[in-house]
Amino acid sequence: MVKICCIGAGYVGGPTMAVIALKCPSIEVAVVDISVSRITAWNSDHLPIYEPGLEDVVMQRRGKNLFFSTDVEKHVSEADIIFVSVNTPTKTQGLGAGKAADLTYWESAARMIADVSKSNKIVVEKSTVPVKTAEAIEKILTHNSKGIDFQILSNPEFLAEGTAIQDLFNPDRVLIGGRETPEGQKAIQALKDVYAHWVPEDQILTTNLWSAELSKLAANAFLAQRISSVNAMSALCEATGADVAQVAHAVGKDTRIGPKFLNASVGFGGSCFQKDILNLVYICECNGLPEVANYWKQVIKVNDYQKNRFVNRVVSSMFNTVSGKKIAVLGFAFKKDTGDTRETPAIDVCKGLLGDKAHLSIYDPQVTEDQIQRDLSMKKFDWDHPIHLQPVSPTSVKQVSVVWDAYEATKDAHGICILTEWDEFKSLDYQKIFDNMQKPAFVFDGRNIVNMDKLREIGFIVYSIGKPLDSWLKDMPAVA
Ligand SMILES: NC(=O)C1=CN([C@@H]2O[C@H](COP(=O)(O)OP(=O)(O)OC[C@H]3O[C@@H](n4cnc5c(N)ncnc54)[C@H](O)[C@@H]3O)[C@@H](O)[C@H]2O)C=CC1
Ligand SMILES: O=C(O)[C@H]1O[C@H](OP(=O)(O)OP(=O)(O)OC[C@H]2O[C@@H](n3ccc(=O)[nH]c3=O)[C@H](O)[C@@H]2O)[C@H](O)[C@@H](O)[C@@H]1O
């Protein structure tokens, strides 16, 4: 029986391995982690991450051919194929701080693999890593190899949160990069055989190692670039009276451009877009390509601009101050159908409003008060380290209350900011909400999900990203 071990039981390791276990009953899959609380949760009825369809897959295979364990060394030493899906945060100190990937966790995983292995292994990069990481990993493994053959493969993951299970069941492509030697090709074939249990052969792409590593960074950069492009247009739409949804629709009808990923928003979030683009920028700079680096840097700059612009809109619309005013924040996760808040635009928007002394009442159907308080008090980039290395009880931000209901959040509020596109926010009783708010009552829709006309009929002053401005807002231009 082929044995797979995955180091890192996070948003990638957990779901990908659960799906491999489901699709390949003949393979034994162990997911290991240094975080005891994460592994305990994977073995309980309350999985550590919320992802539609995940629980069903885990429950079908857990205890049969899917195991979650903290006994990292045992499972690594027994495995034929080892996936490494650990954190690759942005460096906060030293050379490349604020841009380069911090490979501390990767390196320690590689050293441990070298230490405990007694048989040949295929080591698979599942984490997103800088190009040429495989070379460094190879050096760590072979310097300690005691004659063991290690083959390194790059198999980046393209799943998106909220749709992870669907993405894993029907991937657009599976990408496997390896050495162009006979041993490298054999390793590629072994991994291909795993995916071939459910992925059509022509969707499994094989490349050299560096192409696979770079393709992952490139894919995320292209995706984020589309959002920054449409968000840049949203500012111009507001200035001219064009409607960003109509512009995006017209542009996306061109089959060369396509309709997906053109939703204007308060900004993209998530654990990877910013991190991976910063990493790409750093690699370009290290390779003497400053023009290329600056090109991609601009994608991040426009994203920051979009978040600032939103905050400025809120403040300027409300008589240039939100000091002491109650602002309801609907949605804190970085997108709907996930409880993940990593790099969510809500953090920057809330911090911006708090900077102007607002009182925030936050509601998100999947995010806990503890998480929100952590996010608002944590330093930039600290979130991307294993949970047990993060501050245990951060000081809570006093002007923030977290409630479990949108009606509670909006009661007596002066304004509402919609920051995540949860479906339930579309069907709220906005008349009831209006009746219980201070007047004039504002709605700032950072996700373009509300029916502006209906809300204006009720009496709200409505701002929606990239949409023709309310006459109230026209006279109060937001300066970014
Ligand atoms: N979250 C996502 O949607 C995607 C993430 N990625 C990439 O996958 C990698 C992992 O991301 P996530 O799963 O989101 O991170 P995560 O933070 O949810 O999970 C990483 C896990 O690795 C564990 N870990 C760290 N060092 C370890 C070690 N030496 N031994 C054992 N366990 C260790 C941590 O405790 C943590 O539970 C990152 O490189 C990320 O860029 C790629 C595609 C999608
Ligand atoms: O490497 C990763 O981590 C993953 O990053 C993204 O997935 P994810 O961040 O989970 O979610 P997305 O659906 O890409 O959304 C990212 C952010 O962009 C925003 N977004 C997305 C689409 C859009 O049109 N407009 C927009 O503002 C979302 O609200 C969210 O904040 C990619 O889509 C995945 O392919 C990739 O594997």
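Note that the structure is a prediction, hence the values are computed from the model and not measured.

1. Topic: the UniProt feature "active site" (unreviewed entry) in the protein chain
Then step 1. In the numbering used here, UniProt assigns the feature "active site" (unreviewed entry) to C272.
Then step 2. Relative to the helices and strands, C272 resides in the loop between α10 (244-252) and α11 (273-286).
Then step 3. When sequence neighbours within four positions are dropped, the list of residues in contact with C272 reads N220 and I277.

2. Describing the site of ligand 1
Then step 1. Surrounding ligand 1, one finds 26 residues, the nearest of these being D33, R38, T88, E161 and K275.
Then step 2. A distance of 2.9 Å separates an oxygen atom of ligand 1 from a polar backbone atom of V12.
Then step 3. Backbone polar atom of T128 to an oxygen atom of ligand 1: 3.0 Å apart, as the coordinates give it.
Then step 4. Calculation on ligand 1 without its partners gives an accessible area of 830 Å², and the protein chains cover 94% of this total.
Then step 5. Looking at the shell around ligand 1 residue by residue, the classes come out as nine nonpolar, ten polar and seven charged.

3. Observations regarding the sheet that holds strand β13 (residues 442-445)
Then step 1. Read from one edge to the other, the open sheet built from six strands follows the order β11-β10-β9-β12-β13-β14, with strand pairing classed as parallel. A single partner strand is all that each edge strand has here, and the edge strands are β11 (400-402) and β14 (461-464). Pairs of neighbouring strands in the sheet enclose a mean axial angle of 20 degrees, with direction left out of account.
Then step 2. Strands β12 (415-418), β13 and β14 of the sheet are contacted by helix α12 (residues 290-317), whose axis makes an angle of about 170 degrees with β13.

4. Brief notes about the site of ligand 2
Then step 1. In the region of ligand 2, 20 residues are neighbours, and F158, L159, S265, C272 and R447 sit closest.
Then step 2. Residue E157 places a main-chain N or O atom 3.4 Å away from an oxygen atom belonging to ligand 2.
Then step 3. R447 has a polar side-chain atom sitting 2.6 Å from an oxygen atom of ligand 2.
Then step 4. Burial of ligand 2 by the protein chains amounts to 90% of its free accessible area of 700 Å².
Then step 5. The element best represented in the shell around ligand 2 is helix α9 (residues 209-240), accounting for four residues.
Then step 6. Residues that form the shell around ligand 2 fall into these classes: eleven nonpolar, four polar and five charged.

5. A word on the environment of F158
Then step 1. Structurally, F158 can be placed in the loop between β6 (150-154) and α7 (164-169).
Then step 2. With 17 residues separating them in the primary sequence, F158 and L175 have C-alpha atoms 9.2 Å apart.
Then step 3. Apart from residues no more than four positions distant in its own chain, F158 is found in contact with R173, L175, S215, K216 and A219.

6. With respect to helix α8 (residues 182-195)
Then step 1. Between its first and last C-alpha, α8 extends 20 Å over 14 residues, near the 20 Å set by a 1.5 Å rise per residue.
Then step 2. Here α8 has its buried residues at G184, A187, I188, L191, K192, V194 and Y195. When α8 is viewed along its axis, its buried side chains cluster within an angular range of 150 degrees and face the same direction. Among the exposed residues of α8, those pointing more than 90 degrees away from its buried face are P182 and K186.

7. Things to note about unusual backbone geometry
Then step 1. With an omega of -5 degrees, the peptide bond between K439 and P440 qualifies as cis.
Then step 2. Inspection of the secondary structure assignment puts P440 in the loop between α16 (430-435) and β13.
Then step 3. A positive phi angle is found at K132, which is not glycine, with a value near 85 degrees.
Then step 4. Since its relative accessible area comes to 40%, K132 is described here as partly exposed.

8. Describing the pattern of salt bridges
Then step 1. Applying the stated criterion across every chain, the model contains 22 salt bridges.
Then step 2. R179 is the salt-bridge partner of E138, the closest N and O atoms lying 2.7 Å from each other. Of this pair, E138 sits in helix α6 (residues 133-143) while R179 sits in the loop between β7 (174-178) and α8; the two residues are 41 residues apart in sequence, bridging distant segments of the chain.
Then step 3. Owing to a relative accessible area of 16%, E138 belongs among the buried residues under this scheme.
Then step 4. For R447, the salt bridge identified is with E421, shortest N-O distance 3.8 Å. Taken as a pair, R447 in the loop between β13 and α17 (452-458) and E421 in the loop between β12 and α16 lie far apart in primary sequence, 26 residues in all.
Then step 5. Because the salt bridges share partners, they merge into one network encompassing K3, K74 and E78.

Reading the values: rules and limits
Residues numbered from 1 in each chain as written. Chains lettered and ligands numbered in written order. Predicted model: local features only at pLDDT ≥ 70, side-chain atom pairs only at ≥ 80, totals over all residues. Heavy atoms only, no water. UniProt positions renumbered as here; feature names shortened; annotations may be inferred. Helix = DSSP H or I, 4+ residues; strand = E, 2+ residues; numbered from the N terminus. Contact = heavy atoms within 4.5 Å. Near = heavy atom within 4 Å. Polar contact = N/O pair within 3.5 Å; in protein donor to acceptor, adjacent residues only side chain to side chain. Areas by Shrake-Rupley, 256 points an atom, 1.4 Å probe, with all protein chains shown as cover. Nonpolar A, V, L, I, M, F, W, Y, C, P; charged D, E, K, R; others polar. Pairing = 2+ DSSP bridges. Axes fitted to C-alpha atoms, helices over the stretch in contact; angles between N-to-C directions. Expected span 1.5 Å × (residues − 1). Buried < 20%, exposed > 50% of the residue type's maximum accessible area, 1.4 Å probe, protein only. Arc of directions from axis to C-beta. Salt bridge = Lys/Arg side-chain N within 4 Å of Asp/Glu carboxyl O.

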